[in-house]
Amino acid sequence: AQKITQTQPGMFVQEKEAVTLDCTYDTSDPSYGLFWYKQPSSGEMIFLIYQGSYDQQNATEGRYSLNFQKARKSANLVISASQLGDSAMYFCAMRERRAGGTSYGKLTFGQGTILTVHP
Amino acid sequence: ETGVTQTPRHLVMGMTNKKSLKCEQHLGHNAMYWYKQSAKKPLELMFVYSLEERVENNSVPSRFSPECPNSSHLFLHLHTLQPEDSALYLCASSQEERRGEKLFFGSGTQLSVL
């Protein structure tokens, strides 16, 4: 079974509108972290936002917010006021904690969602 | 400018060639990683180095050989690759032992094996 599922291969949004990119995850570890990365055509993976499993509030970073619903195991990314430069591939990733230590940055990634922002 | 630099950006090699990918991080991190990104597949972790010691090798074929001479540099030595090894190879670094620490990625090396 996939640990990270992104069900939207592609999404389209009008400039200045908000868009939600879906992510569901599967883990039995009570301590985990969820990340969103943006990958433009240049190839670099750019960190956007992080949510810890014990964090009480949804994470926000500028125009990015994470709609964290722990019981449903979902961690959707919301981008407000979309800009043309937001057009890129977006990846959801999860980091689980090994017993007795860190997970050494072992992120499990979803398949990604291609976001296209129209003017 | 990213804190993780990868060279070369593009590489075309034959199946009998030997080449190396280089990664350098300028962030003072203590862990470095190689990830592989193939078309239509999620990113796959290949190797992890923590404090210059390899701590994970995700069943990667021996034709891929990593090297971490110090905490700032990471290499991936390639030999007798197969066409299915064509992919984007991403290097990343992080400061471990901090909860929620994110990985910083380089721009990747786009590898084509002919």
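Each remark here, short or long, concerns the structure printed above.
What counts and how
- Residues numbered from 1 in each chain as written.
- Chains lettered and ligands numbered in written order.
- Predicted model: local features only at pLDDT ≥ 70, side-chain atom pairs only at ≥ 80, totals over all residues.
- Heavy atoms only, no water.
- Helix = DSSP H or I, 4+ residues; strand = E, 2+ residues; numbered from the N terminus.
- Contact = heavy atoms within 4.5 Å.
- Polar contact = N/O pair within 3.5 Å; in protein donor to acceptor, adjacent residues only side chain to side chain.
- Phe/Tyr/Trp six-rings, centres within 6.5 Å; stacked < 30°, edge-to-face > 60°.
- Buried < 20%, exposed > 50% of the residue type's maximum accessible area, 1.4 Å probe, protein only.
- Lys NZ or Arg CZ within 6 Å of the ring centre and 35° of its normal.
- Pairing = 2+ DSSP bridges.

A. Highlighting unusual backbone geometry. In this model, Thr7 of chain B is joined to Pro8 of chain B through a cis peptide bond whose omega is -10 degrees. Locating Pro8 of chain B in the fold gives a position in the loop between β1 (4-7) and β2 (10-13). Phi is positive for Lys16 of chain A, close to 80 degrees, though the residue is something other than glycine. Mapped onto the secondary structure, Lys16 of chain A falls in the loop between β2 (10-14) and β3 (19-21). Phi at Thr80 of chain B is positive, roughly 45 degrees, even though this residue is not glycine. The topology assignment puts Thr80 of chain B in the loop between β8 (73-79) and β9 (87-94).

B. Layout of the interface of chain A and chain B. The partner chain B presents 27 residues to the 24 residues of chain A that form the contact. At the junction of chain A with chain B, the criterion picks out 4 residue pairs in polar contact (both at pLDDT 80 or more). When residues of the side of chain A that touches chain B are traced back to their parent elements, those giving at least two are β5 (32-39), β6 (46-52), β10 (88-96) and β11 (107-109) of chain A.

C. The packing of aromatic side chains, seen in detail. Here the structure, examined in full by the defined rule, presents 12 aromatic pairs over all chains. For the pair Phe35 of chain A and Tyr50 of chain A, a centre-to-centre distance of 4.8 Å together with 55 degrees between the ring planes defines the contact as tilted. Of the two residues, Phe35 of chain A sits in strand β5 while Tyr50 of chain A sits in strand β6, which places them 15 residues apart along the sequence. For the pair formed by Phe35 of chain A and Tyr50 of chain A, the shared burial category is buried. Here the aromatic cluster, defined as three or more aromatic residues joined through ring pairs, consists of Phe35, Tyr37, Phe47, Tyr50, Phe91 and Phe109 of chain A together with Tyr35 and Phe105 of chain B. Seen from the ring of Tyr64 of chain A, Arg63 of chain A lies directly overhead, with NZ or CZ sitting 5.7 Å from the centre. Seen from the ring of Phe47 of chain A, Lys102 of chain B lies directly overhead, with NZ or CZ sitting 4.8 Å from the centre.

D. Examining the pairing of β5 of chain A more closely. Residue and element names in this part refer to chain A. Counting buried positions over the 8 residues of β5 gives 8, a clear majority of the element. Neither face of β5 is left uncovered, since the one carrying Tyr32, Leu34, Trp36 and Lys38 and the one carrying Gly33, Phe35, Tyr37 and Gln39 both have all their residues buried. The pairing of β5 with β10 spans 8 bridges and is classified as antiparallel. Looking at the pairing, Lys38 lines up with Tyr90 of β10. Where β5 meets β6, 6 bridges bridge the pair, whose relative direction is antiparallel. Directly across from Gly33, in β6, lies its bridge partner Gly52. What sits between β5 and β6 in their antiparallel hairpin is a turn of 6 residues, with Gly43 showing a positive phi close to 100 degrees.

Keep in mind that these numbers describe shape and distance, not what the molecule does.
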